[in-house]
Amino acid sequence: MTESARQTIADTLPDYLRPGLDIVLIGLNPSTRSVQAGHYFANPRNRFWRAISASGLIGREVWPEDDAALLDMGIGFTDVVKQPTPQASGLTASDYRRDAPLLREKLLEHRPAIACFHGATGYRAYLRYAENVRASGEIVLGRQEHTIGGSEVFVVPNPSPANARYSLQDLTSWYAALGRLREELKGA
């Protein structure tokens, strides 16, 4: 395979989606480091894998290399914007206009029980550019009133190292709450 062919294949991370998932974890966009590694949340400073492992959501320790395998546990991955950047500040309004409606189509097609957004920024952008809803005020973390098709919406803090507002324990608690919602919905 030529270098240019590799770059074309690795322009972004693949979606790990299929019908009937319990949870689809939705990042704002892939980091260039994650795209280079070929796995979601691959920056070693990102707290996602440590927090989700400690939360009990998966039931075992997981690493970036486990991202595709989580499909078999009912958990998928995608992003609001598929354009990789070193930092989220590299995204433009045209990136959101292009990709957020595509995310909506993916969620409506695959109908996960829960669409879980990593961070209020990603969820706010999704609402604006995919649903034409301008969220006024602060978006509160947790279960949202808005649904996407039949999917419940849940917002957790963004585990990015740039989001120091939340500790590893805070993140772990939010993924545990996500797990409780999954169990509640399965019992319903």
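The coordinates are above.
Presented here is an overview of the structure given in this document.

Position of Val80 relative to the elements: it lies in the loop between strand E2 (75-79) and helix H4 (93-110). The exposure class assigned to Val80 is buried, which follows from its relative accessible area of 1%. Along the sequence, Val80 and Arg104 sit 24 residues apart, while their C-alpha atoms lie 8.9 Å from each other. Beyond its immediate sequence surroundings of up to four residues, Val80 is in contact with Ile26, Gly27, Leu28, Tyr96, Asp99, Ala100, Leu103, Phe117, Gly122 and Tyr126.

For the coordinates displayed, the defined rule picks out 13 salt bridges. Across the pair Asp22 and Arg182 runs a salt bridge, and its minimum N-O distance is 3.9 Å. Here Asp22 is found in the loop between helix H1 (3-9) and strand E1 (23-27), whereas its partner Arg182 is found in helix H6 (residues 168-187), with 160 residues between them in sequence. An identical accessibility class is assigned to Asp22 and Arg182; each is buried. The partner of Glu184 in a salt bridge is Arg143, with the nearest N and O atoms 3.1 Å apart. You can see Glu184 sitting in helix H6 and its partner Arg143 sitting in strand E4 (residues 142-143), a full 41 residues away along the chain. Judged by relative accessible area, which is 47%, Glu184 ranks as partly exposed. Since its relative accessible area comes to 40%, Arg143 is described here as partly exposed. Three or more residues joined by partner-sharing salt bridges are found here, namely Asp15, Asp79, Lys82 and Lys106.

Rules used throughout
Residues numbered from 1 in each chain as written. Predicted model: local features only at pLDDT ≥ 70, side-chain atom pairs only at ≥ 80, totals over all residues. Heavy atoms only, no water. Helix = DSSP H or I, 4+ residues; strand = E, 2+ residues; numbered from the N terminus. Buried < 20%, exposed > 50% of the residue type's maximum accessible area, 1.4 Å probe, protein only. Contact = heavy atoms within 4.5 Å. Salt bridge = Lys/Arg side-chain N within 4 Å of Asp/Glu carboxyl O.

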